[in-house]
Amino acid sequence: MAAATSVKPQENTSGAEPATPRMSVNRLKYVCLAVLVVQNASVILCIRYVRTVPGERFFTSSAVVAVEVTKLITCLVLLLGQQRGNVKQLGLLLYDGLFCQYTDTLKMAVPSLIYTLQNNLQYVAISNLPAATFQVLYQFKILTTALFSVVLLGRSLGRLQWVSLLVLFLGIGLVQVTQEGSGGRDVVEGQSYLTGLVAVFVSCVSSGFAGVYFERMLKGSSASVWLRNVQLGLFGTLLGLVAMWSKEGTAIVQKGFFHAYTPMVWVVVFNQALGGLLVALVVKYADNILKAFATSISIVLSTVASVQLFGFAIDLPFAAGAALVILAVYMYSLPKAPTPSPRLGPSEQAPGPHNKSVI
């Protein structure tokens, strides 16, 4: 046996994530998915509430910027923790990751631009569509995510997975439509259905592309997921400020950036920031389609919460839709059927105990 040698542990100054045991990675993946389910179940209800409650309205574009700044600060704190509180090492890491590897930084401008557009469009859609309608239509992002995964990541989906996508959409649609028809329709004066429909469609397409693009960047690099989020946050803040100024700049100058910010608005901001960081972890340790399924499950939970909050009745169609969602998740989790290999002729038989190849 080789003699034992002591190796001095080296500090992680490259921003790369340390090796994680497979069991820990799997546990982290499912913990992130579970928290993401709860986060997605609450964020739509909170946004719908703050956008329809009587009184002064906050500026949605400022909320988008606040979310990006919150995510940026959180990621910087996490990176500082990875460097054991060494500010100098953090500065070197940021200099290397943002400036020395500037090509990677510039690549993050693409998903950041799309995420900024998507976040603004979500506020437009939720402000103009009933909550149930928005949640049904927003499931279109599952299909766009699957298509972009095939095109950009070269991922092949089995027939069962495609069927599970259809079953999932049918289940979510059944749950939400029945709730809408049984008194869950929350229409507010001044809503434009066409505006909300266009906003949610563009948001779904942009969500699918940006999510898969970001997954490709994360899994094709050894850089820390938090460093990637710093890059996203920098571009997101700048682009959000541009969008805010072009959309509501004059009004914000007159009334202030935090005009009409209530405690519930801050809940929305921190909730969305948490969701963005969770998505980054999920696409690092899982994949985008699995994330989309977790989001879909959260819609069922949000409907149950709506039942409690607004007195909706759970009927047979609701139970059937929930069962379809569970079935779809199970179907997607099954491994793809192996492709049958062609039969070999007698002269092409693989070497066995009595038919060994000689080199």
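Residues numbered from 1 in each chain as written. Predicted model: local features only at pLDDT ≥ 70, side-chain atom pairs only at ≥ 80, totals over all residues. Heavy atoms only, no water.

### Some thoughts on the side chain of Lys71
Right, on to step 1. Here Lys71 shows up in helix H2 (residues 60-82).
Right, on to step 2. Here Lys71 is in contact with Ala273, Gly276 and Leu277, once residues within four sequence places are set aside. (Helix = DSSP H or I, 4+ residues; strand = E, 2+ residues; numbered from the N terminus. Contact = heavy atoms within 4.5 Å.)

### What to know about the packing of aromatic side chains
Right, on to step 1. Scanning all chains against the criterion turns up 10 aromatic pairs.
Right, on to step 2. Between Phe58 and Tyr261 the ring centres are 6.1 Å apart and the planes differ by 80°, which places this aromatic pair in the edge-to-face class. In this pair, Phe58 sits in the loop between helix H1 (22-52) and H2 while Tyr261 sits in the loop between helix H10 (225-255) and helix H11 (263-285), placing the two residues 203 residues apart along the sequence.
Right, on to step 3. Judged by its relative accessible area of 13%, Tyr261 is buried.
Right, on to step 4. Look at Tyr95 and Phe99: their rings are 5.9 Å apart centre to centre, the planes differ by 35°, and that puts the pair in the tilted class. With Tyr95 and Phe99 both in helix H3 (residues 87-100) and 4 residues apart, the pair spans about one turn of that helix.
Right, on to step 5. Taken together, Phe58, Tyr123, Phe257, Phe258, Tyr261, Trp266 and Phe270 form an aromatic cluster joined through their ring pairs.
Right, on to step 6. Positioned over the ring face of Phe58 is Arg51, at 5.4 Å from the centre of the ring. (Phe/Tyr/Trp six-rings, centres within 6.5 Å; stacked < 30°, edge-to-face > 60°. Buried < 20%, exposed > 50% of the residue type's maximum accessible area, 1.4 Å probe, protein only. Lys NZ or Arg CZ within 6 Å of the ring centre and 35° of its normal.)

### Thoughts on the confidence of the model for the chain
Right, on to step 1. In this model, the chain carries an average pLDDT of 76, and 72% of its residues clear a pLDDT of 70 or more.
Right, on to step 2. No element of the chain has a lower mean pLDDT than helix H12 (residues 288-310), at 69, and none a higher one than H2, at 92.
Right, on to step 3. Taken together, the stretch residues 1-11 has pLDDT below 50 and engages in 0 contacts with residues farther than four places along the chain or on a different chain.
Right, on to step 4. Note on residues 347-359: pLDDT is under 50 here. Beyond four places in sequence and across chains, it has 6 contacts. (pLDDT = per-residue confidence, 0-100.)

### Some remarks on the pattern of salt bridges
Right, on to step 1. In this structure the tally under the stated criterion is 2 salt bridges.
Right, on to step 2. Here Glu68 makes a salt bridge to Lys71, at a shortest N to O gap of 3.4 Å. Placement of the pair is Glu68 and Lys71 together in helix H2, with a separation of 3 residues, close to one helical turn.
Right, on to step 3. On the accessibility criterion, Lys71 (16% relative accessible area) is buried.
Right, on to step 4. The partner of Asp104 in a salt bridge is Arg228, with the nearest N and O atoms 3.6 Å apart. With Asp104 in helix H4 (residues 102-107) and Arg228 in helix H10, this residue pair connects regions lying 124 residues apart in the sequence. (Salt bridge = Lys/Arg side-chain N within 4 Å of Asp/Glu carboxyl O.)

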